[in-house]
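Each chain is listed here by its residues.
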Amino acid sequence: MARRWGLALRTLPGQGWVRGSSPAVLSRLRDAAVVRPGFLSAAEEETLSRELEPQLRRRRYEYDHWDAAIHGFRETEKSRWSEASRAILQRVREAAFDPGQALLPRVHVLDLEPRGYIKPHVDSVKFCGATIAGLSLLSPSVMRLVHTQEPADWLELLLEPGSLYILRGSARYDFSHEILRDEDSFFGERRIPRGRRISVICRSPPEETGPGEPEQPPAAC
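In short, a report on the structure. (Residues numbered from 1 in each chain as written. Predicted model: local features only at pLDDT ≥ 70, side-chain atom pairs only at ≥ 80, totals over all residues. Heavy atoms only, no water.)

### As for the nonpolar core
Keep this limit in mind: Throughout, nonpolar core names a set of buried Ala, Val, Leu, Ile, Met, Phe, Trp, Tyr and Cys residues whose side chains join them through atoms within 4.5 Å. Per-residue accessibility, obtained with a 1.4 Å probe over protein chains only, is compared with the maximum for each type, and a residue is labelled buried under 20%, exposed over 50%, and partly exposed between these values. Segments assigned H or I by DSSP are reported as helices when at least four residues long, segments assigned E as strands when at least two residues long, and all are numbered from the N terminus.
One finds Leu29, Met143, Leu145, Leu155, Leu157 and Leu167 to be the most contacted residues of the largest nonpolar core, which totals 26 residues. Counting residues per element, the ones that place at least two in this core are helix 1 (23–28), strand 2 (33–36), strand 3 (70–78), strand 4 (107–121), strand 6 (141–147), strand 7 (154–159), strand 8 (164–168) and strand 9 (175–179). Counting 22 residues, the second-largest nonpolar core is a separate cluster that includes Leu40, Leu89, Val107 and Leu135.

Here you go:
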């Protein structure tokens, strides 16, 4: 049976997409775990989905992963984009990363089937740097962050289609993150039915390697 995670505590009145275990956790992660709902228009979401579909369709869903972090997925990395998609990714860069901050040259695209999920994990510092930013397409989902040393400290993000999430600093390094499977997909008392979900993920490079490619693909987000 799914564990239920307390009552919603929101960062600001009226925000329905962030909840946490305590006001202290919400305050600590206020600028480190950010959700921007409606970042994409419906037309922009369609633009990205339509561009990604042919490449994803050539791949089969998999049920294991090199670091055991994902179940029911297919993925790719993409460095060449249409002009319209490049404009969207430039907006992500401006919203999530510092001016002049390098990004990994390949954007990670992760396609979860309706029954797919991402297990709790902290991305290895060998493969990506201090900031992770992801666009959510097609289906809503819930991302849960849990402190690696104090599991009673947690945060949940409601990721609606067209939203942008940003993880940096403490949220990136001190908390694991996961995408809940369909049967566990609740945001407080609200059921969030899972469908197929595509995420388009930009990352800063590992600090020790600079803007080049990491040694292996990064873990999921």
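### Description of the packing of aromatic side chains
Worth spelling out the cut-off: Stacked, edge-to-face and tilted labels apply to pairs of Phe, Tyr and Trp rings (six-membered ring for Trp) whose centres lie within 6.5 Å, assigned for plane angles under 30 degrees, over 60, and everything in between, in that order. Counting as a charge over the ring demands two things of the Lys NZ or Arg CZ atom: a distance within 6 Å of the ring centre and an angle within 35 degrees of the ring normal.
For the coordinates displayed, the defined rule picks out zero aromatic pairs. A cation over an aromatic ring shows up here: Arg91 above the ring of Phe39, its NZ or CZ 4.3 Å from the ring centre.

### With respect to the pattern of salt bridges
Counted only if it meets this: Salt bridges, as used here, are contacts in which a Lys or Arg side-chain nitrogen is within 4 Å of a carboxyl oxygen on Asp or Glu.
Applying the stated criterion across every chain yields a total of 13 salt bridges. The shortest N-O distance in the salt bridge between Lys78 and Glu51 comes to 3.7 Å. Taken together, the residues span a long stretch of sequence, with Lys78 in strand 3 and Glu51 in helix 2 (residues 42–57) at a distance of 27 residues. Three or more residues joined by partner-sharing salt bridges are found here, namely Glu53, Arg74, Asp111 and Arg196.

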